[in-house]
Number of protein chains: 2
Amino acid sequence: MTLRIAEIFGPTIQGEGALIGEPTVFVRAGGCDYRCSWCDSLHAVESRYRHSWATMTSETVWEQVRRLSGDRPLTVSLSGGNPAIQDFGSLIAMGRAAGYRFACETQGSVARPWFADLDTLVLSPKPPSSGEEVDWDAFDACRNLGVGARQQVMKIVIFDETDYQWARDVHARHSDLPLYLQPGNTEVNPAAPVDLQALADRLGWLIGKALADGWFAPRILPQLHVLIWGNKRGV
Amino acid sequence: MTLRIAEIFGPTIQGEGALIGEPTVFVRAGGCDYRCSWCDSLHAVESRYRHSWATMTSETVWEQVRRLSGDRPLTVSLSGGNPAIQDFGSLIAMGRAAGYRFACETQGSVARPWFADLDTLVLSPKPPSSGEEVDWDAFDACRNLGVGARQQVMKIVIFDETDYQWARDVHARHSDLPLYLQPGNTEVNPAAPVDLQALADRLGWLIGKALADGWFAPRILPQLHVLIWGNKRGV
């Protein structure tokens, strides 16, 4: 199986969501069916960066994961772009046979049978500020395959009041999925220094909002990697 | 059942460990069998603050939790001091009957039958920098009762290299407990502003250390509440 890979890096920690703080190697797929207005991974999305993506077999990707992790099993995070537009089934099978765990984050626009082989499926439907519109039939198809995963959760990034209300509506229809909210990152320039106070303030804003509304369902988390390393790539 | 309570506050989020980001009301017990050198909750530990602790029935505590949460079920976090030197069994029974969930963090020095009624038991043995010494027989007794809880995890705060090596040893003997590491907070003065960069740097130091050693077992997390609100009390 041939894969288009934007980058493989780690071990680092998962900075977001259900596995926050967990040591991981990232396999970032190249290519996406979305183009979110605030995308922080354009180098894995836009086809003008396509020349920088490697065409690799699943075996070669697996070799790199093993090398980076020193053959010590850990969680492999499949991200992108949208990893679900490619077939990661072989990589997952090889890794799991060696005791590795697999997490995948996708917007939920393309359903894949290998979702059922994951340890963690993170469905991250994109809110209105992204400029994208969710296909809920496709999302439901992803959910149905994700039932086979060890855990299936939902993560929503919140940039503004409209996103927040949208997240409440989505949660009402999918209240059985554990929900993680994350304030949006408005500064995605890898060269720009991160304003830690602004990052803390955005998190405080979102927490204050949900708590004031008595909405206790979501866990609300920042992007730890931005806190520690700013918007640098490869960490 | 009468309880000595240092403070009840929330809803806020759990800033640490397994439930990081989770909306919660804190019930902070007054009194502790330890006196850690770097304690960040001395107002709930030292007997010179004892006059500020309220003597309350379990029913009165439960009324306050209901009022603060607007009768919407959420996670109640029992902290301290060491909550395990008191009997929280009645409070937990009342809260669970109303759909609330309960988490408790304790150093693991005193075992309580009500550990088995918790949703989350966090055992937080104190590393050498605390100046305390762990009684591992008592810790094992806590573990045995915690088997009845929905989840049981271990959290260790790391201030220095010695603490880190100690945590590795402890994990080797308790590798079945999911482990959370947290860099120590060296600035516990509620009036002092928090140095966010120093906080990010301490987290980066601990992550870098574990990853360089190929130690992928622990999840490594900061104290989110310090990031957002500094060392202020009651948030």
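These numbers were taken from a predicted model, which means no experiment stands behind them.

Student: Before we go on, may I ask you to explain the side chain of Glu22 of chain B in this structure?
Tutor: Topologically, Glu22 of chain B is positioned in the loop between strand S1 (2-13) and strand S2 (23-29). At a separation of 2.8 Å, a polar atom in the side chain of Glu22 of chain B contacts the side chain of Thr75 of chain B. Apart from residues no more than four positions distant in its own chain, Glu22 of chain B is found in contact with Arg219 of chain A together with Thr12, Ile13, Gln14, Thr75 and Arg101 of chain B.

Student: I keep staring at the UniProt feature "binding site: Mg(2+)" (unreviewed entry) in chain A and nothing clicks. Help me out?
Tutor: All names here are of chain A. The UniProt record marks Ser41 with the feature "binding site: Mg(2+)" (unreviewed entry), using the residue numbering of this structure. For Ser41, the location among the structural elements is in the loop between strand S2 (23-29) and strand S3 (54-57). If sequence neighbours within four positions are ignored, Ser41 has contacts with Arg28 and Gly80. At a separation of 3.1 Å, a polar atom in the side chain of Ser41 contacts the side chain of Asp40.

Student: Looking at this structure, I do not really get helix H3 (residues 136-146) of chain A. What am I missing?
Tutor: An α-helical segment advances 3.6 residues per turn. Residues three or four places apart therefore align on the same side. Residue and element names in this part refer to chain A. For H3, the full list of buried residues reads Ala138, Phe139, Cys142, Arg143 and Gly146. With its buried residues spanning 145° around the axis, H3 presents them on a single face. The outward face of H3, more than 90 degrees from its buried face, is lined by the exposed residues Asp137 and Asn144. In the core, the buried residues of H3 are packed alongside strand S6 (120-123) and strand S7 (151-158). Residue Asp135 occupies the N-cap position of H3, its side-chain oxygen lying 3.0 Å from the main-chain nitrogen of Asp137.

Student: Before we go on, may I ask you to explain the UniProt feature "domain: Radical SAM core" (unreviewed entry) in chain A in this structure?
Tutor: Those residues carrying the UniProt feature "domain: Radical SAM core" (unreviewed entry) are residues 19-231 of chain A in this numbering. In this annotation, residues 19-231 of chain A is assigned 31% helix and 19% strand; the end-to-end C-alpha distance for the span is 19 Å.

Quick notes on the rules
- Residues numbered from 1 in each chain as written.
- Chains lettered and ligands numbered in written order.
- Predicted model: local features only at pLDDT ≥ 70, side-chain atom pairs only at ≥ 80, totals over all residues.
- Heavy atoms only, no water.
- Helix = DSSP H or I, 4+ residues; strand = E, 2+ residues; numbered from the N terminus.
- Polar contact = N/O pair within 3.5 Å; in protein donor to acceptor, adjacent residues only side chain to side chain.
- Contact = heavy atoms within 4.5 Å.
- UniProt positions renumbered as here; feature names shortened; annotations may be inferred.
- Buried < 20%, exposed > 50% of the residue type's maximum accessible area, 1.4 Å probe, protein only.
- Arc of directions from axis to C-beta.

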